[in-house]
Amino acid sequence: MTTLERATQYFVWAIAGFTVLFLMTPLVVTIAVSFGSSTVFTLPPPDWSLRWYERLAGMRGLLPALVVSLQIAAVSTAVAMVLGTLCAIALVRGRFPGRETISTFLVSPLMLPGLVIGIAMLQGFKAMGLRDVYASLLIAHVVITLPYIVRTVVGALSLFDFSLIDAARTLGCSYPAALTRVLVPSLAPAFLTSGMFAFLASMDNYPISMFFTDAWTKTLPIQMLQYVEERPDPTIAAISAGLVLLAILALIVGDRLVGLRKMADF
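Given the structure is predicted, the values throughout are model-derived calculations rather than measurements.

*Asks:* Looking at this model, I keep getting lost on the overall build of the chain. Mind explaining?
*Replies:* When helices and strands are tallied, the chain shows eleven helices and zero strands. When the helices and strands of the chain are placed in sequence order, the string is α-α-α-α-α-α-α-α-α-α-α. With respect to the principal axes defined by its C-alpha atoms, the chain has extents near 70 × 70 × 35 Å. Evaluated residue by residue, the chain yields a buried proportion of 32% over its 266 residues. For the chain, long-range pairs separated by at least 24 residues make up 68% of all intrachain contacts whose partners lie at least 6 apart in sequence.

*Asks:* How should I be thinking about the packing of helix H6 (residues 133-157) against helix H9 (residues 188-204) in this particular structure?
*Replies:* When two helices pack together, their arrangement is given by the angle between the helix axes and by the axis-to-axis distance. For the pair H6 and H9, interaxial distance at closest approach is 9 Å and the crossing angle is 160 degrees. Classified by the interaxial angle, the pair formed by H6 and H9 is roughly antiparallel. Judged by the twist between their axes, the crossing of H6 over H9 is right-handed. Counted together, His141, Thr145, Tyr148, Ile149, Thr152, Val153 and Ala156 of H6 and Ala190, Phe191, Ser194, Gly195, Phe197, Ala198, Ala201 and Ser202 of H9 form the full contact between these two elements. Within the contact of H6 with H9, the residues separate by chemical class into nine nonpolar, six polar and no charged.

*Asks:* I keep staring at the side chain of threonine 219 and nothing clicks. Help me out?
*Replies:* Looking at the secondary structure, you find threonine 219 in the loop between H9 and helix H10 (220-230). Setting aside residues no more than four positions away along its own chain, threonine 219 makes contact with Ala65, Val68, Ser69, Leu137, Ser209 and Thr213.

*Asks:* Honestly, the nonpolar core in this entry has me stumped. Any pointers?
*Replies:* Note on soluble globular proteins: their nonpolar side chains tend to be buried together. Grouped together as the largest cluster of nonpolar side chains are 22 residues, with contacts concentrated most on Val153 and Leu157. Looking at this core, the elements that each hand over two or more residues are helix H3 (62-93), H6, helix H7 (163-170), helix H8 (175-186) and H9. Setting aside anything within four residues of it in sequence, one finds valine 153 in contact with Thr85, Ala88, Leu187, Phe191 and Ser194. Counting eleven residues, the second largest nonpolar core, distinct from the first, contains Val68, Ile72, Ile208 and Phe212.

*Asks:* I tried to follow helix H5 (residues 114-128) on my own but got confused; where do I start?
*Replies:* For an α-helix, the turn length of 3.6 residues means that residues three or four places apart are oriented alike. In this model, H5 (15 residues) spans 21 Å end to end at C-alpha, consistent with the 21 Å of a helix rising 1.5 Å per residue. Of all the positions in H5, only Ile117, Gly118, Met121 and Phe125 are classed as buried. All buried residues of H5 fall inside an arc of 100 degrees around its axis, so they share one side. Turned more than 90 degrees away from the buried face of H5 sit Ala120, Lys126 and Ala127, all of them exposed.

*Asks:* Help me out: how do you make sense of the packing of H3 against H6 in this one?
*Replies:* At a minimum axis distance of 6 Å, the contact between H3 and H6 shows a crossing angle of 45 degrees. Taken together, H3 and H6 sit at an angle that is classed as oblique. Read as a crossing pair, H3 and H6 show a hand that is right-handed. When grouped by side-chain class, the residues that make up the contact of H3 with H6 number 21 nonpolar, six polar and no charged.

*Asks:* Would you take a moment to explain the side chain of serine 69 for this structure?
*Replies:* Along the chain, the position of serine 69 falls in helix H3. Residue serine 69 is classed as buried on the basis of its relative accessible area of 4%. Excluding residues that lie within four positions of it along the chain, serine 69 makes contacts with Met203, Thr219, Leu220 and Pro221.

Rules used in this analysis
Residues numbered from 1 in each chain as written. Predicted model: local features only at pLDDT ≥ 70, side-chain atom pairs only at ≥ 80, totals over all residues. Heavy atoms only, no water. Helix = DSSP H or I, 4+ residues; strand = E, 2+ residues; numbered from the N terminus. Buried < 20%, exposed > 50% of the residue type's maximum accessible area, 1.4 Å probe, protein only. Contact = heavy atoms within 4.5 Å. Axes fitted to C-alpha atoms, helices over the stretch in contact; angles between N-to-C directions. Parallel < 35°, antiparallel > 145°, perpendicular 65-115°, else oblique. Left-handed = near helix turned anticlockwise from the far one by under 90°. Nonpolar A, V, L, I, M, F, W, Y, C, P; charged D, E, K, R; others polar. Core = buried A, V, L, I, M, F, W, Y, C linked by side-chain atoms within 4.5 Å. Expected span 1.5 Å × (residues − 1). Arc of directions from axis to C-beta.

So, in structure tokens, the structure goes:
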């Protein structure tokens, strides 16, 4: 390795380390503040304490908001998984006019500001006469999670050999059985990855959810914002630390499941 190559490698490592440090600093600060004893956001904290985590058990409205967020995220991810997979198959296998336009339209929620999408869906639901808060919230979250499924599954399908399905059918499988036994196992990593990102995106969504909540049905981000407006103390940092832990657990579980899948294939 020449001197120039070594210097370039060190430079790349330095940039990568700085990027990781820049991205991790807010998370580390939030977690550190959540373990402080001060009633204000102070770093370094004057003393270490678990008082803010103990306070979570007595927070009014936190548990119902968490349950609503988990329900909406789970159901919207499941619905988006089914719809997104069907759309991805149509986009990869189909040959029809406007296919690229439809593909761009399906991922457009990732390109538009959340407030714009929220206002548009609010007006659309109003025009259709949809007044139910839970149904509106669920449909809105399906819209924002669908792009994660479509883009990931389209990428996986582009590498899939569809002749395997024909081979399964010649061996006696019906078309649905061939899809279940051949296609679904092959796309399992894509389903897992896209589902994980869709679930976390739904759990963390605020700009769209705020248009479809009321006093009785609130998601966790809406409840957190309300708490910050009423009582800005490190309790909100404890909740944020819990969400960080949830994301880490989701990544670990996803990595383990993908690893088990690869071992089974081997």
